[in-house]
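# Summary of structural features
For reference, the chains in residue letters:
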Amino acid sequence: MTAYRRFRDRIRIGPVQVATYYDGRGRDKHAAACTAPGCGFSADYTDRSGAELAARTHRCKA
């Protein structure tokens, strides 16, 4: 079964989008994902500051 996530509180830092969502157990999680074609960077974090730091320091290889 695929995970259905409803993202909220989205921001964009360069090509990276940072958003907050609830995981399957109802806890807040934060995701950072690069939207550049061919990049493929994405990561989940337990705190918002970690996701925003990853977005600010991400450098695309594509």
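As shown above, the structure is provided for reference.
So, here's what we can say about the structure. Everything numeric here is computed off the predicted structure, so don't read it as measured data. (Residues numbered from 1 in each chain as written. Predicted model: local features only at pLDDT ≥ 70, side-chain atom pairs only at ≥ 80, totals over all residues. Heavy atoms only, no water.)

What follows covers the pairing of strand 3 (residues 28–34). Burial of strand 3 is extensive: 5 of the 7 residues sit out of reach of the surface. The pairing of strand 2 (residues 16–22) with strand 3 spans 7 bridges and is classified as antiparallel. Within strand 3, the residue paired with Val-18 across the bridge is Ala-32. If you look at the hairpin formed by strand 2 and strand 3, you'll find 5 residues sitting between the two strands, and Gly-26 has a positive phi there, around 85 degrees. The pairing of strand 3 with strand 4 (residues 42–45) spans 4 bridges and is antiparallel. (Buried < 20%, exposed > 50% of the residue type's maximum accessible area, 1.4 Å probe, protein only. Helix = DSSP H or I, 4+ residues; strand = E, 2+ residues; numbered from the N terminus. Pairing = 2+ DSSP bridges.)

Next up on the list: the side chain of Arg-48. Inspection of the secondary structure assignment puts Arg-48 in helix 1 (residues 48–57). Residue classification places Arg-48 among the buried positions, given a relative accessible area of 17%. Among all residues touching Arg-48, those that are not within four sequence positions of it are Asp-9, Ile-11, Val-18, Ala-19, Thr-20 and His-30. (Contact = heavy atoms within 4.5 Å.)

Our next topic: the environment of His-58. Structurally, His-58 is set in the segment after helix 1. Residue class for His-58 comes out buried when judged on its relative accessible area of 15%. A C-alpha to C-alpha distance of 7.9 Å links His-58 and Val-16, two positions 42 residues apart in sequence. What His-58 contacts, discounting residues up to four positions off in sequence, is Val-16, Cys-34, Cys-39 and Phe-41.

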